[in-house]
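Results of the structural survey
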Amino acid sequence: MLTVLHLTAAESAIWHTLQPGIKEGWTVEPEEGNFRDSPERRRMRLHLLKLRDPKLLAFQKKASQAGTVDALTALILGTDLKKVNDADLAELFFAIGPGPIGRIVESMLGTAVKDEDIEGVAALTTIRRSLYQAMIPA
């Protein structure tokens, strides 16, 4: 089980507003990734996605037409990803990039009420950290 959250300053501010009980057992480390994405690069990654899940194929079409990070984030938050296989999820997260993942983290933190919610946030922050490492040139 993941117990570390890699949070940006804005996410940490949300974390500090949560009830103390929900924060027990979790370690917060600062996320300082600074990859600057562009709409063009994101559209290209979305275009190149190799997905198999029919639900995600429809998502891919809508996502490639989303004009802003906010629109893409809303689309992701409105899509049930619970039964999507890991390979498709990995492709999807790479395509959307760390920016929208951060917006999802903020949204999930703002509504977190139990440990399972925080587990989801921890997983997303770990994925985002991996994306930062993969996308920033050495």
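Structure report, in brief.

Quick word on helix 4 (residues 54-65)
- Taking 1.5 Å as the rise per residue, helix 4 with 12 residues should run 16 Å; its terminal C-alpha atoms sit 18 Å apart, in good agreement.
- What helix 4 keeps buried is the set L56, F59, Q60 and A63. For helix 4, the buried positions fall inside an angular range of 110 degrees around the axis, keeping them on one side. Summarising the geometry of helix 4, the exposed residues directed more than 90 degrees from the buried face are P54, K61, K62 and Q65.
- The elements touched by buried residues of helix 4 are helix 3 (39-47), helix 5 (69-77) and helix 6 (86-96).
- N-capping of helix 4 is provided by D53, with a side-chain oxygen placed 2.8 Å from the backbone N of K55.

Focus on the packing of helix 5 against helix 7 (residues 98-111)
- At a minimum axis distance of 9 Å, the contact between helix 5 and helix 7 shows a crossing angle of 55 degrees. Taken together, the axes of helix 5 and helix 7 are oblique relative to one another. In this structure, the crossing between helix 5 and helix 7 has a hand that is right-handed. Mapping the contact onto sequence places V69, D70, L72, T73, I76 and L77 in helix 5 and G99, P100, R103, I104 and S107 in helix 7.
- Of the residues belonging to the contact of helix 5 with helix 7, the class tally is six nonpolar, three polar and two charged.

Reading the values: the criteria
- Residues numbered from 1 in each chain as written.
- Predicted model: local features only at pLDDT ≥ 70, side-chain atom pairs only at ≥ 80, totals over all residues.
- Heavy atoms only, no water.
- Helix = DSSP H or I, 4+ residues; strand = E, 2+ residues; numbered from the N terminus.
- Expected span 1.5 Å × (residues − 1).
- Buried < 20%, exposed > 50% of the residue type's maximum accessible area, 1.4 Å probe, protein only.
- Arc of directions from axis to C-beta.
- Contact = heavy atoms within 4.5 Å.
- Polar contact = N/O pair within 3.5 Å; in protein donor to acceptor, adjacent residues only side chain to side chain.
- Axes fitted to C-alpha atoms, helices over the stretch in contact; angles between N-to-C directions.
- Parallel < 35°, antiparallel > 145°, perpendicular 65-115°, else oblique.
- Left-handed = near helix turned anticlockwise from the far one by under 90°.
- Nonpolar A, V, L, I, M, F, W, Y, C, P; charged D, E, K, R; others polar.

Scope: geometric values only; no functional claims are made or implied.
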